[in-house]
Amino acid sequence: MGSIDRIDLSYFPGCSLATTAKESNESLMKVCEKLGLNLIELEDWNCCGSSSAHSMDKSLALSLPARNLSLAPSNRPLLVMCPSCLHRLQLAQRVISENPEARLQEETRWGRPIDPGLKIVHFFEVLSGIEPSRLEAALVRPLRG
Amino acid sequence: MDALRHMAVEEGVKIAQPGIVKFHEEVLGSIERYGRTHKLEIMMRYKVRMRQWFQDMDLGLKMLSRRKLDLTPSRIHRVEEVSRLFAGSAKDGKH
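Owing to the predicted nature of the structure, the values given are computational and were not obtained by experimental measurement.

1. Regarding the environment of L71(B)
All names here are of chain B. Within the secondary structure, L71 is located in the loop between helix 4 (57-65) and helix 5 (79-83). Accessibility expressed as a C-beta count within 10 Å gives 9 for L71, which makes it exposed. For the pair L71 and M57, spaced 14 residues apart in sequence, the C-alpha separation works out to 15 Å.

This is the structure we're talking about:
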């Protein structure tokens, strides 16, 4: 286990993983540690807006997740565990990559560039892409019958 | 679907289920104040607005005892960056 290279990922916890779903957050941290995934929490992340922003106000539904995208370094993927946050962040990225005006507006608002090519991934996507040797090295209890 | 909701909010259409809008307003208010949602406060403010003072109290206590509800909000450092998004937003609609 000691010999595997560590993989750096930015991490967006979101409001639920930080509170009501904290067990899920704890499990994620433990699994990532075993797998050599180094999660670097997005500095000063904010709420993605959740259902309330996209139900009530189109511009909040874009700008709230866009701020998080502007905080994410482009040299490593952004890992998200909450499926709802993942959806909001990916939708905002889609708007920004398809609409140069929206991108300019958000970059100006936050004073930082937004990389439309940033990889935003759910934990399961990361897990499915991990080579078998790394999984094997992290194995604690095999499920062989 | 969202587009229809936005139009309804903008035009001040009579809301069939006012509780849903009140809930969304409380969630957005929390994001405006802290940059993140503070679930305990959202629930309490919502219950007060709905005049359902003691409804779900048992569930709330159970969640508190399992440390699923933080007593104090987690706030971002640069909260003013987020707060200024809310000037003139639909959250301030009167319902």
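Once the structure has been displayed, the description carries forward.
2. Observations regarding the interface of chain A and chain B
The interface of chain A with chain B comprises 20 residues on the first partner and 25 residues on the second. The set of elements that each furnish at least two residues to the side of chain A that touches chain B consists of helix 1 (14-18), helix 3 (50-56) and helix 4 (58-71) of chain A. Tallied by class, the residues present in the side of chain A that touches chain B amount to 7 nonpolar, 8 polar and 5 charged.

3. Focus on the pairing of strand 1 (residues 7-12) of chain A
All names here are of chain A. Alignment of strand 1 against strand 2 (residues 37-41), held across 5 bridges, turns out to be parallel. Paired with S10 across the strands is I40, a residue of strand 2. With 3 bridges connecting them, strand 1 and strand 3 (residues 78-80) associate as parallel partners. Pairing of Y11 across the sheet is with L79, part of strand 3.

4. Looking at the environment of R75(B)
Residue and element names in this part refer to chain B. Considering the arrangement of structural elements, one finds R75 in the loop between helix 4 and helix 5. Taking the number of C-beta atoms within 10 Å as the measure of exposure, R75 has 14 and is therefore partly exposed. A sequence separation of 44 residues divides R75 from I31, and the C-alpha atoms of the two residues are 9.0 Å apart. Beyond its immediate chain neighbours, meaning those up to four positions away, R75 contacts Y34, G35 and R36.

5. A word on unusual backbone geometry
All names here are of chain A. For D44, which is not glycine, the phi torsion reads 60° and is therefore positive. Structurally, D44 is set in the loop between strand 2 and helix 3. According to the C-beta neighbour criterion, D44 is partly exposed, with 15 such atoms within 10 Å. The backbone of S50 shows a phi angle near 55°, a positive value even though the residue is not glycine. For S50, the position within the fold is in helix 3.

6. Some details on the nonpolar core
In terms of nonpolar packing, the biggest core is built from 38 residues, with F12(A), L64(A), L69(A), L78(A), V80(A), C85(A) and L89(A) touching the most fellow members. At the level of secondary structure, the elements contributing two or more residues to this core comprise strand 1, helix 1, helix 3, helix 4, strand 3 and helix 5 (83-98) of chain A together with helix 2 (18-34) of chain B. Leaving out residues up to four positions away in the same chain, F12(A) has contacts with L42(A), W45(A), N68(A), L78(A), V80(A), C85(A) and L89(A).

The rules behind the values
- Residues numbered from 1 in each chain as written.
- Chains lettered and ligands numbered in written order.
- Predicted model: local features only at pLDDT ≥ 70, side-chain atom pairs only at ≥ 80, totals over all residues.
- Helix = DSSP H or I, 4+ residues; strand = E, 2+ residues; numbered from the N terminus.
- Buried ≥ 20, exposed ≤ 12 C-beta atoms within 10 Å, placed from the backbone.
- Contact = placed C-beta atoms within 7 Å.
- Nonpolar A, V, L, I, M, F, W, Y, C, P; charged D, E, K, R; others polar.
- Pairing = 2+ DSSP bridges.
- Core = buried A, V, L, I, M, F, W, Y, C linked by C-beta atoms within 7 Å.

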